[in-house]
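# A look at the structure
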Amino acid sequence: MTEETEPFWEAAREGRLLVERCPACAAESFPPYGICRACRGRPVEFVEITGPGRIYSFTVNHQRWLPGLEVPYAIVLVEFPGHPGVRVAGRLRGCAPQDVAIGAEVEIGFEPGPGGFAVPSFVAVPSPPGPPGPPGFTAAEGAA
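Presented here is a report on the structure given in the accompanying data block.

What counts, and where the lines are drawn
Residues numbered from 1 in each chain as written. Predicted model: local features only at pLDDT ≥ 70, side-chain atom pairs only at ≥ 80, totals over all residues. Heavy atoms only, no water. Helix = DSSP H or I, 4+ residues; strand = E, 2+ residues; numbered from the N terminus. Buried < 20%, exposed > 50% of the residue type's maximum accessible area, 1.4 Å probe, protein only. Contact = heavy atoms within 4.5 Å. Pairing = 2+ DSSP bridges. Axes fitted to C-alpha atoms, helices over the stretch in contact; angles between N-to-C directions. Polar contact = N/O pair within 3.5 Å; in protein donor to acceptor, adjacent residues only side chain to side chain. 1 Å grid on protein atoms, 1.4 Å probe; cavity = no way out; pocket = protein on both sides within 12 Å on 5 of 7 lines; lining within 4 Å. Points joined across faces, edges and corners; volume = space filled by probe spheres on them. Nonpolar A, V, L, I, M, F, W, Y, C, P; charged D, E, K, R; others polar.

### Comments concerning the environment of Glu107
Relative to the elements of secondary structure, Glu107 occurs in strand β7 (residues 105–112). Given a relative accessible area of 35%, Glu107 falls into the partly exposed group. In the structure, Glu107 is positioned 57 residues away from Thr50 in sequence and 8.7 Å away in space, judged by C-alpha atoms. For Glu107, the contacting residues outside a window of four places in its chain are Pro52, Ser121, Phe122, Val123 and Val125.

Pasting the structure below:
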């Protein structure tokens, strides 16, 4: 934890996801850096992301990196409406790795991480029944 990242980790402990926002140019970014990546302005402020996000990209990991972590599991990169350019990585829960799809909706969550920190993770939002939406790349198709 550094001076620049402390607000993020404190909010994560409370189950809130914060990203940096530059008051000078309104650019938002993640992870916290302490300086605007667009205009190099200081200081930056933090804003909370509350709504659902959509999977931008993913990978399925078959390596057990922590004791007790079930494999395989998906790591997703998530985008958020209203926060252009902000993408946050985390483990996906509530969805089998072979069912992960780009564009799928996820809710923000947190889970215990190393050193007692809360780390971002995401929870799959079940798709409503009905006609299929636009085609997306899924892990099952990628394995074929």
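That shown, we press on.
### Quick notes on the sheet that holds β7
The pairing of strands in a sheet happens through backbone hydrogen bonds and is either parallel or antiparallel. Judged by pairing direction, the barrel is mixed, and its 5 strands sit side by side in the order β4-β5-β6-β8-β7 before closing back on the first. Averaged over all adjacent pairs, the angle separating strand axes in this sheet is 45°, with direction ignored. In this structure, β7 lies alongside strand β8 (residues 118–124), joined through 7 bridges in antiparallel fashion. Bridge pairing links Glu107 to Val123 in β8.

### Quick look at the side chain of Glu111
By secondary structure assignment, the location of Glu111 is in strand β7. A relative accessible area of 16% means that Glu111 is categorised as buried. At 2.7 Å, the side chain of Glu111 and the side chain of Arg91 are in polar contact. The contacts of Glu111, once residues within four sequence positions are left out, are Arg91, Arg93, Phe117, Ala118, Val119 and Ser121.

### Looking at the layout of surface pockets
Approximately 280 Å³ is the volume attributed to the second largest pocket. Taken together, 13 residues line the second largest pocket, and the ones lying closest to its centre are Leu66, Arg91, Glu111, Pro112 and Val119. Looking at the lining of the second largest pocket, the elements that each hand over two or more residues are β5 (73–79), β6 (87–93), β7 and β8. Each residue belonging to the lining of the second largest pocket can be placed in one class, and the counts come to 9 nonpolar, 2 polar and 2 charged.

### Description of the environment of Ser29
Among the structural elements, Ser29 can be located in strand β2 (residues 28–29). When its relative accessible area of 12% is taken as the criterion, Ser29 is described as buried. C-alpha separation for the pair Ser29 and Phe46, spaced 17 residues apart in sequence, amounts to 9.7 Å. Discounting chain neighbours no more than four positions away, the residues touching Ser29 are Val19, Glu20, Arg37 and Val86. There is a polar contact of 2.8 Å between the side chain of Ser29 and the side chain of Arg37.

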